[in-house]
Structure formats: structure tokens, C-alpha cells
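Tertiary structure, described
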Amino acid sequence: MDNISNIINAKYNDKFFTSTDTFRNILEKKGILVFTDFISKNILREMVKEANILKSKAFSSNSEYNVYVKPNDSSYPLKSARNRMMKTTKKCIANDFISNHSFLMQIYNSHKIQKFFCDLLGVSVLYPYGDDLSSVNINYYEPGDALGWHFDNSDFTITLLIKNCSKGGLYQYFTDIRYKKDGTENYQLVEDILDNKILPNIQAACEGDLMIFKGNKSLHRVTDILDGERILVTFNFNNQKGLSLSEQSRKTFFGRIA
């Protein structure tokens, strides 16, 4: 039986979990949903303690990629939107370092919360990753770290901010701008964004906020951390059972494949 009532904020009651129509419409329209103060203050402090204890086991990753997170296309110039390189630096804890008794795992494995996510996303069931590393991760961003502009490979991302930096680390995004009306990639619009010709949306983030974001068609990034530390938990699900994160991605983010 789920025992999350002592983990989440009291305002997220049974009525909230059964009232998904409004939230689903917002997610479809804006591509982003934020549930503020999702975690109770006491539990949030425990989550930060856990993250601090685990940090010594985190893998430092430094990755470069284009906005589409795909191999470059030689038919386009290197400086084009299609091939221009972005950069992400952070530290990451793999799932197998996180105890099954962790509050993070209790949230991830909660049938009530999973059903809520399914209702919001319009899917019948969500599955954990088939490998032991990728389902729940703790990400640490320190001064100089950032998450470069990109589109996600997955249809959605679910994150929980448990510690915010004091300066920098802005979540910026453009909703549903990837494709033209004819379904082709809108490289010119993306190029204008990369050239800072268009101002992005900025999503305020506070400690304890849960965010659901549809990033496959929406360009997004986190700006450089300037002061303090940002700790972000990612809850990662699949629509199909047994799928693993690619070996290349596991090597990049965790420094190992198992």
C-alpha cells in the first residue's frame, strides 16, 4: 500500500489526484506543469541530506551534443542549428546507489502517483527502465555547470527540485516549436533561438517543486549556475516494459553501463 501522505504536501490530497482534466489541458497547451511545494518541508530536508551523503559517489559528466541529440548531418554546416554543439556538465547519481527505502523511491514506486502521471500523460501504464541505473537519478549542478539547449528524446520528463542555487540556473524553454506546419524540422527558428534573437520563456523553480515537461518538441535548457548548488531529481519512466537507456547514454551520465 502507498504511504506517501507523510511525504507530499497536505494540499495534494485525494481530490487533487482525481482531478486531472484541468492539469492535462494545461500540459497540452503549455507543454509544462509545475506543482509547487509538492514535498513536505521535513521530507525535503531529508532528501537533501540523502543527496549530500550520496554525492561522493556521483559521476562527473561533461557531454557535447547538438540540439537534436543525434549524430551530426554532414549536409548542413557545422554552425547550423542542425549541427551546432551544446554542452552539459553535471554530477549524477545512478539509481542503484539509491536505497529502495528512500523517500525518492517511495514516490517513484507509488501506484497513486504513477496513476496520476498516466492520467496526465494519456497513457495506460508507465514502466521503470530495464537497467539498474536509469529510473531515478540525482543530478548536481555547481558553479559553471549548465544544461545546454536541446530537445528530449523521450516524450516527457518528470523532475523534482530539492535544492536551488542562489544565482543562475534558470530553466528556459520554447513550447512546441520544433516542427513547421508541414511536419519538417524548423531549423531557421531554432537557429534564431540559438543566436539569441528570440527571448525564451522562464519557469521559476523553488525547492520542493515537481515539474512535468514535454520536451520532445519543446527546446529547453538550464543556464549556468553562478552561485550555490542546484540538486535536481529525475523520475524516468518508459511506455514499454524492459527498455534500457542506451549504453552510450549510460556511459556518458554514469561512467558505466551496469
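Coordinates for the structure precede this section.
Residues numbered from 1 in each chain as written. Predicted model: local features only at pLDDT ≥ 70, side-chain atom pairs only at ≥ 80, totals over all residues. Heavy atoms only, no water.

Describing the overall build of the chain
Looking only at helices and strands, the chain features seven helices and 13 strands. Along the first, second and third principal axes, the C-alpha atoms of the chain reach 55 × 40 × 40 Å. Here the chain holds 258 residues, and the buried ones make up 48% of them. Counting only contacts in the chain whose residues sit at least 6 apart along the sequence, the fraction spanning at least 24 positions is 85%. Accessible surface for the chain amounts to roughly 13200 Å². Of this, 50% is attributable to carbon and sulfur atoms. Both charge centroids of the chain, one from 33 positive and one from 29 negative side chains, sit 1 Å from each other. (Helix = DSSP H or I, 4+ residues; strand = E, 2+ residues; numbered from the N terminus. Buried < 20%, exposed > 50% of the residue type's maximum accessible area, 1.4 Å probe, protein only. Contact = heavy atoms within 4.5 Å. Areas by Shrake-Rupley, 256 points an atom, 1.4 Å probe, with all protein chains shown as cover. Lys, Arg positive; Asp, Glu negative; His and termini not counted. Charge placed at Lys NZ, Arg CZ, Asp CG, Glu CD.)

A look at the nonpolar core
Ranked by internal contacts, the top residues of the largest apolar core, which has 44 residues, are Phe35, Phe38, Ile39, Ile138 and Phe235. Ignoring any residue separated from it by four or fewer positions in sequence, one finds Phe235 in contact with Leu104, Ile107, Tyr108, Ser135, Val136, Ile158, Leu160 and Leu210. One finds Met86, Cys165, Tyr171 and Leu219 within the second-largest nonpolar core, a separate group that totals 24 residues. (Core = buried A, V, L, I, M, F, W, Y, C linked by side-chain atoms within 4.5 Å.)

Some remarks on the pattern of salt bridges
In this structure the tally under the stated criterion is 14 salt bridges. As a salt-bridge pair, Lys214 and Glu28 come within 2.7 Å of each other at their nearest N and O atoms. Remark: Glu28 occurs in helix α2 (residues 21-30) and Lys214 occurs in the loop between β10 (210-213) and β11 (219-222); sequence separation between them is 186 residues. Of the charged contacts in the structure, one is a salt bridge between Glu142 and Lys55, with a shortest N-O distance of 2.5 Å. Here Glu142, found in the loop between β4 (136-141) and β5 (146-150), pairs with Lys55, found in the loop between α3 (41-54) and β2 (59-66); they are 87 residues apart in sequence, far enough to count as distant. Glu142 sits in the partly exposed class, given a relative accessible area of 22%. (Salt bridge = Lys/Arg side-chain N within 4 Å of Asp/Glu carboxyl O.)

Some remarks on the environment of Thr223
You can see Thr223 is positioned in the loop between β11 and β12 (225-227). The spacing of Thr223 and Ala146 is 77 residues in sequence and 5.4 Å in space, taken between C-alpha atoms.

Some details on the environment of Lys214
Its relative accessible area of 23% is what places Lys214 among the partly exposed residues. Lys214 has contacts with Leu27, Glu28, Gly31, Leu121, Asp155 and Phe156, leaving out every residue within four places of it along the chain. Side-chain polar atoms of Lys214 contact the side chain of Glu28, separated by 2.7 Å. (Polar contact = N/O pair within 3.5 Å; in protein donor to acceptor, adjacent residues only side chain to side chain.)

Digging into the environment of Lys180
As for its position among the elements, Lys180 is in the loop between β8 (171-174) and α6 (187-194). On the basis of relative accessible area, Lys180 is assigned to the partly exposed category, the value being 43%.

Examining the packing of aromatic side chains
Summed over the entire model, instances satisfying the criterion amount to 21 aromatic pairs. Aromatic pair Phe17 and Phe116: ring centres 5.2 Å apart, planes at 80 degrees, arrangement edge-to-face. Of the two residues, Phe17 sits in helix α1 (residues 14-17) while Phe116 sits in helix α5 (residues 111-121), which places them 99 residues apart along the sequence. The pair formed by Phe17 and Phe116 is uniform in burial state, with each residue classed as buried. The interplanar angle of 45 degrees and the centroid separation of 6.4 Å between the aromatic rings of Phe116 and Phe117 together place this pair among those described as tilted. The class of Phe116 is buried, set by a relative accessible area of 1%. Of the residues examined, Phe117 reaches a relative accessible area of 3% and is grouped as buried. Following the ring pairs from residue to residue traces out a cluster consisting of Tyr12, Phe16, Phe17, Phe23, Phe35, Phe38, Tyr108, Phe116, Phe117, Phe235 and Phe237. Across from the ring centre of Phe151, 4.8 Å away, lies the NZ or CZ of Arg178, which sits over that ring. The positively charged end of Arg230 is found above the aromatic ring belonging to Tyr141, 5.9 Å away from the centroid. (Phe/Tyr/Trp six-rings, centres within 6.5 Å; stacked < 30°, edge-to-face > 60°. Lys NZ or Arg CZ within 6 Å of the ring centre and 35° of its normal.)

Looking at α3
Here α3 contains 14 residues, and its C-alpha end-to-end distance of 20 Å stays within 8% of the 20 Å for a straight helix at 1.5 Å per residue. Of the positions making up α3, those classed as buried are Ile43, Leu44, Met47, Val48, Glu50, Ala51 and Leu54. The buried residues of α3 occupy an angular sector of 160 degrees when the element is viewed end-on, so they sit on one face. Within α3, the exposed residues directed more than 90 degrees away from the buried face are Asn42 and Ile53. In this fold, the buried residues of α3 make contact with β3 (85-93), α4 (103-109), β4, β6 (157-163) and β13 (230-235). (Expected span 1.5 Å × (residues − 1). Arc of directions from axis to C-beta.)

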